[in-house]
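The primary structure of each chain is shown beneath.
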Amino acid sequence: WKPSDFELGKRLGKGKFGRVYCVREKKSGFICALKVMSKDEILLYKVEKQFVREIEIQASLRHPNCLRLYGWFYDDKNVYLILEYAAYGELYKMLKKRKRFDEVTTSYYIFQVAAALEYMHNKHIIHRDLKPENILVHFHNQIKLSDFGWSVYAPQNTRRNTMCGTLDYLPPEMVESKSHDETVDVWALGVLMYELLVGRPPFEDENSGVTYRRIVKVDLRIPTFISSEAADLIKKLLRYEPKKRISLHNLQRHPWIIKNRG
Ligand SMILES: CC(C)CCNC(=O)Cn1cc(-c2ccc3c(-c4nc5ccccc5[nH]4)n[nH]c3c2)cn1
């Protein structure tokens, strides 16, 4: 592949390490997202190892709810990623616009994210960075998990994790730098479900020390407008004990998921 194989379309956004464009591959007319990352940025941020691991992980994933990485190429200045195009963009932007989602839509989103996570966990891959910014939406409310920058091959033993970005999605064991495993994604799914239904994450506070304390205390307050089945599932996801969290298998059979999947 080379850049001139593609017709440049609208700019889709600025990722952490690059610019993303909607493009059309000239010969086939295929629409995809082209991510352009400057080589010296990758070298500057010393993320080439994470970058290679992310490419390996994303290229190996084949699931309707995991964003495809079709291929990649580079020239003297940039690295180019040929990624699947999601018609409606980031879930995060949709959430900001709508304030919060209804329970039917949210349960369909949570069901799909759980299916993608179950698929990844079966391949011993932990996502570790589940949040609305990393979830893209396609036609018919189809969800695409993206940005496997923090994904690692389990089991993950304890190591100092330089956490960048939001603390809101961290489970107690990561806040307390204990060892962690796939169940960190189950906790994050609980945070995601709460945020989609309520419009803000459950332990949010402008003071990150307070957020830390609220996470390790599991200081969870569920608003009354949330249905009792939804509240039941949120409580089963946001358990302090990793082993006590509901499994992704059982989540897909929870009354709130079944009832709302229509
Ligand atoms: C190191 C390398 C392997 C990283 C691989 N993973 C990524 O690059 C993750 N990533 C995906 C994207 C991305 C961003 C936006 C889109 C979009 C998209 N569609 C949109 C529709 C309307 C408005 C915005 C849209 N963005 N489709 N596919 C995308 C893919 C950016 N980074």
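Since this is a predicted model, take the numbers as computed values, not measurements.

Engineer: Honestly, the overall build of the chain in this entry has me stumped. Any pointers?
Structural biologist: Along the backbone of the chain there are 10 helices and 10 strands. Over its C-alpha trace the chain gives a radius of gyration of 19 Å, about what one expects of a compact globule, namely 18 Å for 262 residues. Taken across its 262 residues, the chain has 53% of its residues classed as buried. For the chain, the accessible surface area stands at approximately 13100 Å², while carbon and sulfur atoms represent 54% of it.

Engineer: Help me out: how do you make sense of the pattern of salt bridges in this one?
Structural biologist: Where charged atoms from two side chains of opposite charge approach closely, those side chains can pair. According to the stated counting rule, one finds 11 salt bridges in the structure shown. Ionic pairing is found between Arg 24 and Glu 7, a salt bridge with its closest N-O pair at 3.1 Å. With Arg 24 in strand S2 (residues 19-25) and Glu 7 in strand S1 (residues 6-14), this residue pair connects regions lying 17 residues apart in the sequence. Relative accessible area serves as the criterion here: at 39%, Arg 24 is assigned to the partly exposed category. Between Arg 214 and Asp 219 there is a salt bridge, with the nearest N and O atoms lying 2.8 Å from each other. Asp 219 matches Arg 214 in its accessibility class, with the two residues each being buried. Residues joined in a network through salt bridges with shared partners are Arg 214, Asp 219 and Arg 221.

Engineer: Where do I start with the site of the ligand in this structure?
Structural biologist: Taken together, 21 residues are adjacent to the ligand, and Lys 35, Glu 54, Gln 58, Glu 84 and Ala 86 come closest. Residue Gln 58 places a side-chain N or O atom 2.8 Å away from a nitrogen atom belonging to the ligand. Separating a nitrogen atom of the ligand from a backbone N or O atom of Ala 86 is a distance of 2.5 Å. It is helix H2 (residues 48-60) that contributes the most residues to the shell around the ligand, 4 residues altogether.

Engineer: Please explain the environment of Cys 32 as it appears in this structure.
Structural biologist: Here Cys 32 is to be found in strand S3 (residues 31-38). For Cys 32, a relative accessible area of 2% gives the class buried. Sequence spacing of Cys 32 and Arg 253 is 221 residues, and the spatial spacing of their C-alpha atoms is 34 Å. Setting aside its immediate chain neighbours within four residues, Cys 32 contacts Phe 6, Tyr 21, Cys 22, Val 23, Ile 82, Leu 83 and Tyr 85.

Engineer: Just to check I follow, could you spell out the packing of aromatic side chains for this structure?
Structural biologist: In this description, an aromatic ring pair is defined by two values, namely the gap between the centres and the angle between the planes. Applying the stated rule across the entire model yields 9 aromatic pairs. Note on Trp 1 and Phe 6: the rings are 5.5 Å apart at their centroids and 35° apart in plane angle, and the pair reads as tilted. When the ring of Trp 187 is compared with that of Phe 203, the centres are 5.7 Å apart and the planes differ by 15°; the resulting orientation is stacked. One end of the pair, Trp 187, is in helix H6 (residues 183-198); the other, Phe 203, is in the loop between H6 and helix H7 (208-217), with 16 residues separating them in the sequence. Aromatic ring contacts, followed pair by pair, group Trp 1, Phe 6, Phe 73 and Tyr 80 into a single cluster.

Engineer: What should I look at first to understand helix H8 (residues 228-237) in this one?
Structural biologist: Note that an α-helix has 3.6 residues per turn; residues three or four places apart therefore point the same way. Residues of H8 that are buried: Ala 230, Ala 231, Leu 233, Ile 234 and Leu 237. With its buried residues spanning 165° around the axis, H8 presents them on a single face.

Engineer: Hey, could you run me through the pairing of strand S4 (residues 69-74) in this one?
Structural biologist: It is a general feature of regular strands that their side chains alternate between the two faces of the sheet. Inspection of the sheet shows S4 paired to strand S5 (residues 78-83) by 5 bridges, in the antiparallel sense. The residue bridging Phe 73 from the neighbouring strand is Tyr 80, located in S5. Taking the residues between adjacent antiparallel strands as the criterion, S4 and S5 are bridged by 3 residues.

Engineer: Which parts of the structure should I look at to understand the sheet that holds S5?
Structural biologist: For sheets, the rule is that strands pair by backbone hydrogen bonds, running either parallel or antiparallel. A sheet is described by the order of its strands in space; here 5 strands give the open sequence S1-S2-S3-S5-S4, paired in antiparallel fashion. Every interior strand has two partners, whereas the edge strands, S1 and S4, have only one. Along the sheet, successive strands turn relative to each other by an average axial angle of 25°, direction set aside. As judged from the 6 bridges shared by S2 and S3, these two strands associate in the antiparallel manner. Its bridge partner being in S3, Cys 22 is matched across the sheet by Ala 33.

Engineer: What should I look at first to understand the sheet that holds strand S9 (residues 142-145) in this one?
Structural biologist: Pairing is antiparallel across the open sheet formed by 3 strands, whose spatial order is S6-S8-S9. Since the sheet does not close on itself, it has two edges, and those belong to strand S6 (89-90) and S9, each with one partner. As judged from the 4 bridges shared by strand S8 (residues 135-138) and S9, these two strands associate in the antiparallel manner. Across the sheet, the residue bridging to Ile 135 is Leu 145, located in S9. Each of S8 and S9 touches helix H4 (residues 103-122); the most contacted strand, S9, lies at about 40° to it.

Definitions and cut-offs
- Along each chain, residues carry numbers from 1 onward, in the same order as the chain's sequence is written.
- Where totals are concerned, whole chains, interfaces and linings use all residues; where local detail is concerned, this predicted model gives features only for residues with pLDDT of at least 70, and gives and counts side-chain atom pairs only at 80 or more.
- Side-chain metrics in this entry use all non-hydrogen atoms of the structure; hydrogen atoms and water are not considered.
- Under the scheme used here, helices are H or I runs from DSSP no shorter than 4 residues and strands are E runs no shorter than 2 residues, and both carry numbers assigned from the N terminus.
- When we talk radius of gyration, it's over C-alpha atoms, and the globule rule is simply 2.2 Å times the number of residues to the 0.38.
- Here's how the labels work: a residue is buried when its accessible area is under 20% of the maximum for its type, exposed when over 50%, partly exposed in between, all with a 1.4 Å probe on protein chains only.
- Using a 1.4 Å probe, accessible areas were evaluated by the Shrake-Rupley method; residue-level cover was limited to the displayed protein chains.
- By definition, a salt bridge exists where a carboxyl oxygen of Asp or Glu is found within 4 Å of a side-chain nitrogen of Lys or Arg.
- What makes a residue near a molecule or strand is one non-hydrogen atom of that residue sitting within 4 Å of it.
- Contacts described as polar in this section are N or O atom pairs within 3.5 Å, which, within protein, must combine one atom able to donate a hydrogen with one able to accept it, while residues neighboring in sequence count only if both atoms come from side chains.
- Contact criterion: two residues are considered in contact whenever any of their non-hydrogen atoms come within 4.5 Å of each other.
- Centres within 6.5 Å are what make two rings of Phe, Tyr or Trp a pair, Trp counting through its six-membered ring; a difference in plane orientation under 30 degrees is then read as stacked, over 60 as edge-to-face, and the rest as tilted.
- What the arc covers is the set of directions going from the helix axis to the C-beta atoms.
- Whether two strands pair comes down to DSSP finding at least two bridges between them.
- Angles run from 0 to 180 degrees between N-to-C directions of axes, and those axes are lines fitted to C-alpha atoms, restricted for helices to the stretch in contact.

So, to be careful, I would describe these as geometric facts and stop short of saying anything about function.
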